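A structural walkthrough
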Amino acid sequence: MAPKRTKNKAPSADPQGMFAGMVVFLIENSVQSRRLQIWKQKLEQMGAKIETHLSKKVSHVFAMSSDALFHHVDKDQLARFKGHVLLYQWLEDSLAAGEKVSEHLYILKVDPEGEDVPDKNPKLEAANRNSSIHGEQSHCKRIKSSPEEIKHTNEESKGDIETNTASGLSNNEPNSPSSVTSGPEIPSTLDKDVGTPTSSLPYSPPDLNKDITEIFGKLINIYRALGDDRRSFSYYKAIAVVEKLPFKIESADQVKNLPGIGKSLQDHIQEIVTTGKLSKLEHFETDEKVRTISLFGEVWGIGPATALKFYEKGHRALDDLKSDNSLTNVQKLGLKYFDDIKTRIPRNEVQEMESLLQKVAEDIVSGVVVVCGGSYRRGKASCGDLDIIITHPDGKSHKGFLQKYVKRLKEMKLLREDLIFSTHSEEGTDQGVDTYFGLCTYPGRELRHRIDFKVYPRDIYAFGLIAWTGNDVLNRRLRLLAESKGYRLDDTGLFPATHGSGSKRGARGTTSLKLETEKEVFDFLGFPWLETYERNL
DNA sequence: CGGCTGTACTG
DNA sequence: CAGTAC
DNA sequence: GCCG
């Protein structure tokens, strides 16, 4: 019998989730990323807790096969493990059955010699091809890509790095800009599927619990405006959890042991589902101080501290600020174009500007790669700003490019005002990233949009691409994951955790691991691959 | 109780 | 250095 | 705010 982790819960299992009480550790080795993603989601939805490493609390370990299992975890550690080690197929069958099926057919032996697979379903054999990617310990030192493997994972990726980088790089088809003006969602072209047609997903994540997430969303903005980013982020995470629930919450009990939802948020949810509102939010929204500071904080260049300062000076409206002589230059611009900057940009216009920017760039340095990242690259129908990521395949022609580029773009009146301009890549200096933040206009208009340029040396381009494609939740998760594996990840690379020896600025000297594509980075970290349009976490 | 990403510019 | 932004 |  499955030894119940008789937590402190009623004997009657949680009616909500069939996996309630389970603490699972997933061996991601040789699992198709799409399926892994689904399994994780299902497990969490139905009450299981997912651990990032094989800790004492883990009750179940899942693996594709015994091969995958032994290549990924330490045998001794496994031998000491007291819980259940099962094939993923148990999950599949349980989900299909709607209840936990008997485990005995799916048990993986934890034999120290373990080369004997118990009773492996034939179909698993197929799914379990290369189980020996990582020959090393749990810390895979190398991410060697033999030609064969590349063929497996990345069918058509045989050309130059730049033209295929994992997907959706410059394979935005060179359509005449005007011909594709209507695709609101999903980017026009995507590579051949990764095997699983997205149709097999029984998910229908409609806006159940929208009342809750909307209120939390407002609290996010309020706390951010007040400078309490931590608290703000807690609500942010809670929204993601609530949105995944397949049912409408009617009682706080139903969210009692979901990750990211503690006592306080339970109370909030309880109040919302019973009264339809949250007194705490009502209070905030009628508080003049909160309202004013929130408003001021929407101006580019004004943060919580400055907003508070202006409030205490007696300012109450944006017009009051315009006459304040303590405004910095960028704050003046943020104020002047307040409404402009807040106006979202239709996807098709971003697409046209991207191709225009590509043409202008090519005109300056042949071969330069210009990609619009951010929410555009994630397939959104409209964008708040433009994130332009640039590199050059030859690894050196990016140097000094940004100055010329900005100059040219100003001449043609695409770039209008500067916010920040910094360069590091001038000959001699380090592996810096050149950055430009400013305001731009769509050809023929005056409406200002925020635009960012980031120029990366070729060898760290993949990291910049990931970071500036986002979203921020994904970036955080990747960084946390990297850290858990003894690395430090940022938009300039993936570094072995230089322990103790302060990872200060100088540590930049330590070069990043050489990973050339986004997929290589995901793979190295063991994070299931996500197409760009799947990164809206 | 302390961490919650980490880095660079502006003034 | 504080504040801000990505 | 949540988590360990």
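The structure displayed is predicted, hence computed values, not measured ones.

**Some points on the overall build of chain A**
Looking only at helices and strands, chain A features 22 helices and 13 strands. Considering only contacts within chain A whose residues lie at least 6 apart along the sequence, 63% involve residues at least 24 apart. Carbon and sulfur atoms form 52% of the exposed surface of chain A, whose accessible area is close to 27,200 Å².

**Some thoughts on the pairing of strand β12 (residues 487-490)**
Where β12 and strand β13 (residues 493-496) come together, four bridges link them in antiparallel fashion. In the sheet register, Arg488 faces β13, and the bridge partner there is Phe495. Connecting β12 to the next strand, β13, in antiparallel fashion are two residues.

**So, the environment of Glu51**
Take Glu51: it is sitting in strand β2 (residues 49-51). Here Ser55 takes part through its side chain, which lies 3.1 Å from a polar atom of the side chain of Glu51.

**Description of the sheet that holds strand β8 (residues 385-391)**
Here we have five strands laid out as an open sheet, ordered β6-β8-β11-β10-β9, and mixed in their pairing. The open sheet is flanked by β6 (369-372) and β9 (415-422), the only strands paired with a single partner. Neighbouring strand axes in the sheet, compared pairwise and without regard to direction, differ in orientation by 20° on average. Pairing between strand β10 (residues 434-441) and strand β11 (residues 448-455): eight bridges, direction antiparallel. Within β11, the residue paired with Gly438 across the bridge is Ile451.

**Brief notes about the nonpolar core**
Formed by 35 residues in total, the largest nonpolar core has its most connected members in Phe19, Val61, Phe62, Leu69 and Tyr88. Elements represented by at least two residues in this core include exactly β1 (23-26), α1 (33-45), β3 (60-63), α2 (66-72), β4 (84-87) and α4 (88-97). At four residues, the largest contribution of residues to this core is made by β1. Grouped together as the second largest cluster of nonpolar side chains are 28 residues, Val350, Cys372, Val406 and Phe453 included.

**Thoughts on the pattern of salt bridges**
Under the defined criterion, the tally for this structure stands at 27 salt bridges. Asp472 is the partner of Arg476 in a salt bridge, and the nearest nitrogen-oxygen pair spans 3.9 Å. Taken together, the residues Arg476 and Asp472, both in helix α21 (residues 472-484) and four residues apart, mark about one turn of the helix. Accessibility expressed as a relative area gives 36% for Arg476, which makes it partly exposed. Residue Asp472 is classed as partly exposed on the basis of its relative accessible area, which comes to 37%. As a salt-bridge pair, Lys519 and Asp523 come within 2.8 Å of each other at their nearest N and O atoms. Residue Lys519 and its partner Asp523 are located together in helix α22 (residues 518-525), separated by four residues, close to a single helical turn. Given a relative accessible area of 31%, Asp523 falls into the partly exposed group.

**What about the side chain of His315?**
Its place among the elements puts His315 in the loop between α13 (304-312) and α14 (318-322). For His315, the side chain forms a polar contact with the side chain of Asp324, separated by 2.7 Å. Not counting the four nearest positions on each side in its chain, His315 is found in contact with Thr292, Phe296, Phe310, Asp320, Leu321 and Asp324.

**Topic: helix α8 (residues 210-225)**
Taking 1.5 Å of rise per residue, 16 residues should cover 22 Å, and α8 covers 23 Å from first to last C-alpha, within 8% of that figure. Ile212, Thr213, Ile215, Phe216, Gly217, Leu219, Ile220, Ile222, Tyr223 and Ala225 are the residues of α8 that are buried. If you follow the buried residues of α8, they end up packed against α9 (229-244), α10 (263-275), α11 (279-286), α12 (288-297) and α13. Where α8 ends, the next residue or the one after it, Gly227, has phi of about 95°, a positive value.

**So, the packing of helix α17 (residues 347-364) against helix α19 (residues 401-411)**
To describe two helices that pack against each other, one gives the angle between their axes and the distance between the axes. Viewed as axis vectors pointing N to C, α17 and α19 meet at an angle of 125°, and their least axial separation amounts to 10 Å. Taken together, α17 and α19 sit at an angle that is classed as oblique. In the crossing of α17 with α19, the sense of the turn from one axis to the other is right-handed. Residues Leu357, Gln358, Val360, Ala361, Asp363 and Ile364 of α17 form the contact with α19, whose participating residues are Phe401, Lys404, Tyr405, Arg408 and Leu409.

**Points about the protein's contact with DNA strand C**
Near DNA strand C, the surroundings consist of Val299, Trp300, Gly301, Ile302, Gly303, Pro304, Ala305, Thr306, Phe437, Arg450, Asp452 and Trp468. Close to the protein, within 4 Å, the atoms of DNA strand C belong to sugar or phosphate groups at a rate of 100%. Between DNA strand C and Pro304, the relevant distance is 3.3 Å, taken from a phosphate oxygen to a main-chain nitrogen or oxygen of the residue. Between DNA strand C and Ala305 there is a distance of 3.0 Å, counted from a phosphate oxygen to a backbone nitrogen or oxygen. Contributions of two or more residues to the surface near DNA strand C are made by α13 and β11. The leading source of residues in the surface near DNA strand C is α13, at three residues. Among the residues forming the surface near DNA strand C, the class breakdown is seven nonpolar, three polar and two charged.

**Focus: the state of the cysteines**
As enumerated under the stated definition, the model contains zero disulfides in all. Summary of cysteine pairing: Cys372 is not part of a disulfide, and the nearest cysteine sulfur, belonging to Cys383, is at 6.2 Å. With no disulfide of its own, Cys440 lies closest to Cys372 among cysteine sulfurs, the gap being 9.7 Å.

**Describing the sheet that holds β4**
Across the sheet, which stays open at both edges, the four strands sit in the order β2-β1-β3-β4 with parallel pairing between neighbours. Each end of this open sheet is capped by a strand with a single partner; those strands are β2 and β4. Geometrically, the sheet is characterised by an average inter-axis angle of 30° between neighbouring strands, direction not taken into account.

**Re the packing of aromatic side chains**
One pass over the full model with this rule turns up 13 aromatic pairs. Ring geometry for Tyr223 against Tyr235: centres 5.7 Å apart, planes inclined by 15°, an arrangement best described as stacked. Placement of the pair is Tyr223 in helix α8 and Tyr235 in helix α9, with a sequence separation of twelve residues. By relative accessible area, Tyr223 is classed as buried at 5%. Given a relative accessible area of 4%, Tyr235 falls into the buried group. Through a chain of ring-to-ring contacts, three or more aromatic side chains come together here, namely Phe401, Tyr405, Phe421, Tyr436 and Phe453. Looking at Arg231, its charged tip hangs above the ring of Tyr223, at a distance of 5.7 Å from the centre.

Here is what the cut-offs are and how they apply
Throughout this description, residue numbers start from 1 for each chain and increase along the sequence as written. Here every chain gets a letter starting at A, and every ligand a number starting at 1, in the order they are written. At least 70 in pLDDT is required for a residue's local features to be given in this predicted model, at least 80 for side-chain atom pairs to be given and counted, and no such filter applies to totals for whole chains, interfaces and linings, which use all residues. To obtain the side-chain values, all non-hydrogen atoms of the structure were included, while hydrogens and water were left out. Secondary structure counts use DSSP, requiring at least four H or I residues in a row for a helix and at least two E residues in a row for a strand, with both numbered from the N terminus. Contact criterion: two residues are considered in contact whenever any of their non-hydrogen atoms come within 4.5 Å of each other. In this description, accessible areas are obtained by the Shrake-Rupley approach with a 1.4 Å probe, and a residue is regarded as covered only by the protein chains that are shown. Here, any two strands with at least 2 DSSP bridges between them count as paired. Whenever two N or O atoms come within 3.5 Å, that pair is a polar contact, provided that in protein one can donate a hydrogen and the other can accept it, and provided that, for residues adjacent in sequence, both atoms are side-chain atoms. Lines fitted to C-alpha atoms define the axes, with helix axes restricted to the stretch in contact, and inter-axis angles between N-to-C directions lie between 0 and 180 degrees. Among buried residues, those of type Ala, Val, Leu, Ile, Met, Phe, Trp, Tyr and Cys that are joined through side-chain atoms within 4.5 Å constitute a nonpolar core. Exposed residues in this analysis have more than 50% of their type's maximum accessible area, buried residues have under 20%, and partly exposed residues fall in between, with area computed by a 1.4 Å probe over protein chains only. Any Lys or Arg side-chain nitrogen located within 4 Å of an Asp or Glu carboxyl oxygen qualifies as a salt bridge. Expected helix span is taken as 1.5 Å per residue step, with the number of steps being one fewer than the number of residues. The cut-offs work like this: below 35 degrees is roughly parallel, past 145 is roughly antiparallel, 65 to 115 is roughly perpendicular, and the gaps in between are oblique. Each helix crossing is assigned a hand: it is left-handed if the near helix lies turned anticlockwise from the far helix by less than a right angle, otherwise right-handed if that turn is clockwise. To be near a molecule or strand, a residue needs just one of its heavy atoms within 4 Å of it. For this classification, Asp, Glu, Lys and Arg are treated as charged, while Ala, Val, Leu, Ile, Met, Phe, Trp, Tyr, Cys and Pro are nonpolar and the rest, including Gly, are polar. The rule for a disulfide is simple: a pair of cysteine sulfur atoms within 2.5 Å. Stacked, edge-to-face and tilted are the three classes for Phe, Tyr and Trp ring pairs, Trp counted by its six-membered ring, which pair at centre distances within 6.5 Å; planes under 30 degrees apart are stacked, over 60 edge-to-face, the rest tilted. Either the NZ atom of lysine or the CZ atom of arginine qualifies as a charge over a ring when it sits within 6 Å of the ring centre and within 35 degrees of the ring normal.

That's the geometry; what it means functionally is another story.
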